[in-house]
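So the chains spell out like this:
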Amino acid sequence: MTVEGIRRKHLWLALEGLMIAVAAAALRARHLSAESVWLDEYFSMAYLEAPNLWRFLSDQRGENWEMVPLYYALQYGWAQIFGASPVAVRWLSILFGAGAAGLIYITGRLFFGRVAAVVAGLCMVLSPFQIFHAQGIRPYSLMALLGALALLSLFQACESGRRGWWVLNVTANVLLWWSQLFGVLALIPQGMFLLLRRAARGRLLAFWAGIHAVMLIPPAFWVRSMNWAPDPPLGRPPWREFMNVLLRSDGEYFRWLIGYPDKSREVAVTALQDWLLDIRGDAETALVRALLLGSALALLWLLSLIHI
C-alpha cells in the first residue's frame, strides 16, 4: 500500500472512531439537566470557587481523602472556562467517556477486524454502566479513556516496536493511576499480555515492569500523605459473605442505573419497580455467572489468538 493509501486508511479510521464518539456523547447528554449532585460529587463541586488550583485540591481532601489529583485538576480548569454548574462540569466526563468509546472502536478495527470493532464500540456506546459514569462528576470516565489509550498503545507498540508507542503506553498508565488509585490494577492484564506474547518476553518485559515500578514511587508518597478516614469497622466478614459482596457488586450498580429504591418497601414504587425488587436476587446471581463465564471464554479466546 502506498503512503497516500495508508494516510487515507488512517483518515477513514479516525472518522469512524469520531462517529462512534459522537454517538456516545449524544446518548450520554440525554436528560443531563435532571441529574442532581450527590454526596461524592459534592466533595469537589463545593470548592470550585476556590481562588486557585492548590486551594481547590487541599480544601476538598479532608472529605475526599482517597482522591488523586489529575481529574480534579482538569475539573477545576474546565469549570473556570465553561462554568461551575453541574451540567457544565458533567460535560467534561461526557467527553472523556465518548473518547473512550471511539478509542475502543479504533483498537478493535486495527487488531481484530470491523465486526469486532463495531461490537466493542456499540457495547461502549450503549452500556448503562458507561453512560452512568460518563454523567458523573467523578474520575471514572477519565479512567476509561486512559485505559483504552493504554490498551491501544500497548498493542501498537508490540506490533510496530516503535519507541513512541511504548512511551505513550507508560504515560497513559501513569495518568491512569493519578486519576484513581485502583488504576494501577490495569497493569495486571497488560503485564499478562506481554508475558504471554512470545515476542515480548525477557528484557522488554523486565524493562516495561521496571519503568512502571519507578513511576509508582510518587503515588506511594501521595498515599502515605493521606489522612485516612475509613468507615467504622464492622468486623471481619465470613468468606461466603465476602465473596457474595465481591461478586455481586455489579448488582448494586444495576440498582443505581435502574433508579428504584434499594431495600425499603416503605417508599411507593410502580408495579414494574416492585417486580424488579422481587427478582433482584436471581437476576444478580445470573449476571455474576454470565460475567464469570464470559471472562473465562474471553481468556481462552485470547490464548488461542496468541498461540500459547
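Residues numbered from 1 in each chain as written. Predicted model: local features only at pLDDT ≥ 70, side-chain atom pairs only at ≥ 80, totals over all residues. Heavy atoms only, no water.

J.: Run through the overall build of the protein, naming residues and quoting values.
T.: Secondary structure summary: the protein contains 15 helices and zero strands in total. Here the protein holds 308 residues, and 35% of them are scored as buried. Excluding contacts between residues fewer than 6 apart, the proportion of contacts in the protein whose partners are at least 24 apart in sequence is 68%. Split by element, the accessible area of the protein, about 18,700 Å² in all, is 68% carbon and sulfur. (Helix = DSSP H or I, 4+ residues; strand = E, 2+ residues; numbered from the N terminus. Buried < 20%, exposed > 50% of the residue type's maximum accessible area, 1.4 Å probe, protein only. Contact = heavy atoms within 4.5 Å. Areas by Shrake-Rupley, 256 points an atom, 1.4 Å probe, with all protein chains shown as cover.)

J.: So, the side chain of Ser44: which residues are in play, and what are the values?
T.: For Ser44, the position within the fold is in helix α2 (residues 39-45). Taking relative accessible area as the criterion, Ser44 reaches 0% and is therefore assigned buried. Sequence-distant contacts of Ser44, defined by excluding residues within four places in its chain, comprise Phe56, Gln60, Tyr72, Gln75 and Ile137.

J.: Before we move on, could you go through the confidence of the model for the protein and cite the residues and values that matter?
T.: In the predicted model, the protein carries a mean pLDDT of 84, and the fraction of residues at 70 or more is 82%. Contacts of residues 260-265 to residues separated by more than four positions or lying in other chains number 17 contacts, the stretch itself having pLDDT below 50. (pLDDT = per-residue confidence, 0-100.)

J.: Can you break down the environment of Ser160 residue by residue, with the values?
T.: Relative to the helices and strands, Ser160 is located in helix α8 (residues 140-160). Here Ser160 falls in the partly exposed class, since its relative accessible area comes to 37%. A distance of 2.8 Å separates a polar atom in the side chain of Ser160 from the backbone oxygen of Gln156. A polar side-chain atom of Ser160 sits 3.3 Å from the main-chain amide nitrogen of Arg162. (Polar contact = N/O pair within 3.5 Å; in protein donor to acceptor, adjacent residues only side chain to side chain.)

J.: Summarise the packing of aromatic side chains; cite the residues concerned and give the values.
T.: Inspection of the entire model under this criterion finds seven aromatic pairs. An angle of 70 degrees between the planes, with centres 6.1 Å apart, marks the rings of Phe112 and Phe155 as edge-to-face. With Phe112 in the loop between α5 (86-111) and α6 (114-126) and Phe155 in helix α8, the pair connects residues that are 43 residues apart, well separated along the chain. With a centroid separation of 6.0 Å and an interplanar angle of 80 degrees, the aromatic rings of Trp178 and Trp222 are classed as edge-to-face. One end of the pair, Trp178, is in the loop between α9 (163-177) and α10 (187-196); the other, Trp222, is in helix α12 (residues 217-224), with 44 residues separating them in the sequence. Each member of the pair, Trp178 as well as Trp222, is classed as buried. (Phe/Tyr/Trp six-rings, centres within 6.5 Å; stacked < 30°, edge-to-face > 60°.)

J.: Could you give an account of the nonpolar core, naming the residues involved and the relevant values?
T.: Among the nonpolar cores identified, the biggest contains 39 residues, and Leu48, Phe56, Tyr71 and Val89 are the most heavily contacted of them. For this core, the elements supplying multiple residues, two or more each, are α1 (3-28), α3 (53-61), α4 (69-82), α5, α6 and α8. Ranked by residues supplied to this core, first place goes to α5 with eleven residues. With residues up to four places along the chain from it excluded, the contact list for Leu48 reads Phe56, Gln75, Tyr76, Ala79, Gln80, Ala84 and Val89. Among the nonpolar cores identified, the runner-up in size contains 18 residues, and Trp65, Ala157, Phe193 and Leu205 belong to it. (Core = buried A, V, L, I, M, F, W, Y, C linked by side-chain atoms within 4.5 Å.)

J.: Account for the side chain of Ser93, naming residues and giving values.
T.: Mapping Ser93 onto the fold places it in helix α5. Classification of Ser93 as buried rests on a relative accessible area of 0%. In this structure Ser93 touches Tyr71, His133, Ala134, Gly136, Ile137, Arg138 and Ser141, once residues within four positions along its chain are discounted.

J.: I'd like a rundown of the packing of α5 against α8, residues and numbers included.
T.: At a minimum axis distance of 7 Å, the contact between α5 and α8 shows a crossing angle of 25 degrees. The angle between the axes of α5 and α8 places the two elements in the roughly parallel class. The two elements α5 and α8 cross, and the hand of that crossing is left-handed. Where α5 approaches α8, its residues Ser93, Phe96, Gly97, Gly99, Ala100, Leu103, Ile104, Thr107, Leu110 and Phe111 are matched on the opposing element by Ser141, Leu142, Ala144, Leu145, Ala148, Leu149, Leu151, Leu152, Phe155, Gln156 and Glu159. Here the contact of α5 with α8 is built from residues that sort into 14 nonpolar, six polar and one charged. (Axes fitted to C-alpha atoms, helices over the stretch in contact; angles between N-to-C directions. Parallel < 35°, antiparallel > 145°, perpendicular 65-115°, else oblique. Left-handed = near helix turned anticlockwise from the far one by under 90°. Nonpolar A, V, L, I, M, F, W, Y, C, P; charged D, E, K, R; others polar.)

J.: A description of helix α11 (residues 203-215) should follow, citing residues and the corresponding values.
T.: In this model, α11 (13 residues) spans 18 Å end to end at C-alpha, consistent with the 18 Å of a helix rising 1.5 Å per residue. Residues of α11 that are buried sit in contact with α8, α9 and α10. (Expected span 1.5 Å × (residues − 1).)

J.: Can you break down unusual backbone geometry residue by residue, with the values?
T.: What is expected of a backbone is that most residues other than glycine have negative phi and most peptide bonds are trans. At His31, a position not held by glycine, the phi torsion is positive, near 55 degrees. The exposure class assigned to His31 is exposed, which follows from its relative accessible area of 56%.

J.: How would you explain the pattern of salt bridges if you had to name every residue and give the values?
T.: In total, this model carries five salt bridges according to the counting rule given. Across the salt bridge formed by Arg109 and Glu16, the nearest N and O atoms sit 3.9 Å from each other. With Arg109 in helix α5 and Glu16 in helix α1, the pair connects residues that are 93 residues apart, well separated along the chain. Residue Arg109 is classed as partly exposed on the basis of its relative accessible area of 27%. The salt bridge partner of Arg114 is Glu16, with a shortest N-O separation of 3.4 Å. Highlighted residues: Arg114 in helix α6 and Glu16 in helix α1, separated in sequence by 98 residues. Glu16 sits in the buried class, given a relative accessible area of 18%. One network of salt bridges, in which partners are shared, links Glu16, Arg109 and Arg114. (Salt bridge = Lys/Arg side-chain N within 4 Å of Asp/Glu carboxyl O.)

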